[in-house]
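Here is what each chain is made of, one letter per residue.
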Amino acid sequence: MEKNSTANLFGKNILGLENFSPDEIRLVLSVAAKMKKIVRDDVKKLPNLRGKAIINLFCEPSTRTRTSFELAGKYLGADVVSINTSTSSMVKGESLRDTLRTIEAAGADAVVIRHKSEGSAEYASRAINSVIINAGDGAHAHPSQGLLDLFTIQQYKGRLAGLKVAIVGDILHSRVARSDIFGMTKTGMEIHLAGPKTLLPRFFEFDGVRVHENIEDAIKNADVINVLRIQLERQQSGLFPSGREYARFFGINEKRLRLAKEDVLILHPGPQNKGLEISEPVTYGKHSAIKEQVQNGVAVRMALLDLTLNGGK
Ligand code: NCD
């Protein structure tokens, strides 16, 4: 971090990257770099959050995000409880507000929440006093994913500013795209969005972001391609003709990759629809950082928990 930065996330809710300053982003990335050493160590343990309680409230499916928040809290010495909402009192009709108030009363210093409704994390931040970390609210935001994407790019490329990033696929339903767009524009990256017209909202066209209907235009000379999952669970039928058509016109395969820079980096937040938005050789090929993104996700979430609950001391 720059010596004269005053960025400080202590006690803050992490709701979306639209609220982050470039200094705050840099602070998270620099703490994450230290945390990554712990993640790679034989003994993955720091005492920073001893005596703190973190509750994961995931009301939508998750493998990577929930596991990495849980490990992140544990590696920092906190007590972490993950609530499976399908076996919680929410199935008996308990409201989100009452569930949050119960969690707060049980002693949660932080609540990591994922929910299908846009604005649910902000709602939680008004309902209780625990620190709220948004782990995905509908199609709105997924700030820890945006930060781990930035962290991964920085680790591979050594910088962020000036890089050309293509974000391709189901932009319309993607909270990852929204968080990436805020994080990447704030750090000086040039963004090109592409996907079928029906999945590509025009309102994303603002400073530093260009929208293309033709995927080739977006990935030409790209330093990074972030491939988004087609979010079949969030869309009605008819947004694209068929999986085969989608793969043909928008799928990232080895042939398309040749349009990008020679050292292009491939990201995907997971889970992947292989053969649809991304081909298997690309997922496992030399340009892919998809596996590394998962490990970086643990480091970035450690940084977020340490900074919000402990001030990053
Ligand atoms: C993303 C999500 O849930 O928004 N996945 C994740 O957190 N790793 C993207 C997705 O589900 O496609």
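Higher on the page you've got the structure.
The present account deals with the structure reproduced in this document. (Residues numbered from 1 in each chain as written. Predicted model: local features only at pLDDT ≥ 70, side-chain atom pairs only at ≥ 80, totals over all residues. Heavy atoms only, no water.)

A few points about the nonpolar core
Counting residues in hydrophobic clusters, the biggest one holds 63 residues, and the most contacted among them are Val-28, Ile-54, Ile-153, Ile-167, Leu-193 and Met-302. In this structure, Tyr-246, Phe-250, Leu-257 and Leu-276 belong to the second largest nonpolar core, which totals 23 residues. (Core = buried A, V, L, I, M, F, W, Y, C linked by side-chain atoms within 4.5 Å. Buried < 20%, exposed > 50% of the residue type's maximum accessible area, 1.4 Å probe, protein only.)

What about the side chain of Lys-36?
Among the secondary structure elements, Lys-36 is positioned in helix α1 (residues 22–40). Separated by 2.8 Å, the side chains of Lys-36 and Asn-296 make a polar contact. Lys-36 has contacts with Phe-151, Gln-155, Glu-292, Gln-295, Asn-296 and Ala-299, leaving out every residue within four places of it along the chain. (Helix = DSSP H or I, 4+ residues; strand = E, 2+ residues; numbered from the N terminus. Polar contact = N/O pair within 3.5 Å; in protein donor to acceptor, adjacent residues only side chain to side chain. Contact = heavy atoms within 4.5 Å.)

So, the site of the ligand
As a matter of local geometry, the ligand sits amid Arg-64, Thr-65, Arg-114, His-142, Gln-145, Arg-175, Val-176, Arg-229, Gln-231, Pro-269, Gly-270 and Pro-271. Between Arg-175 and the ligand, the recorded distance is 2.6 Å, taken from a side-chain N or O atom to an oxygen atom. Measuring from a nitrogen atom of the ligand, one finds a backbone N or O atom of Pro-269 at 2.9 Å. Isolated, the ligand exposes 310 Å² of accessible area, and the fraction of that covered by the protein chains is 94%. The residue makeup of the shell around the ligand, split by class, is 3 nonpolar, 5 polar and 4 charged. (Near = heavy atom within 4 Å. Areas by Shrake-Rupley, 256 points an atom, 1.4 Å probe, with all protein chains shown as cover. Nonpolar A, V, L, I, M, F, W, Y, C, P; charged D, E, K, R; others polar.)

A few points about the sheet that holds strand β5 (residues 164–168)
Sheet architecture is open: 5 strands sit in the order β7-β6-β5-β8-β9, paired in parallel fashion. At either margin of the open sheet sits one strand with a lone partner, and together these are β7 (209–212) and β9 (265–267). The sheet shows a mean angle of 20 degrees between the axes of neighbouring strands, taken without regard to direction. As judged from the 4 bridges shared by β5 and strand β8 (residues 224–227), these two strands associate in the parallel manner. Within the sheet, the bridge partner assigned to Ala-166 lies in β8 and is Ile-225. (Pairing = 2+ DSSP bridges. Axes fitted to C-alpha atoms, helices over the stretch in contact; angles between N-to-C directions.)

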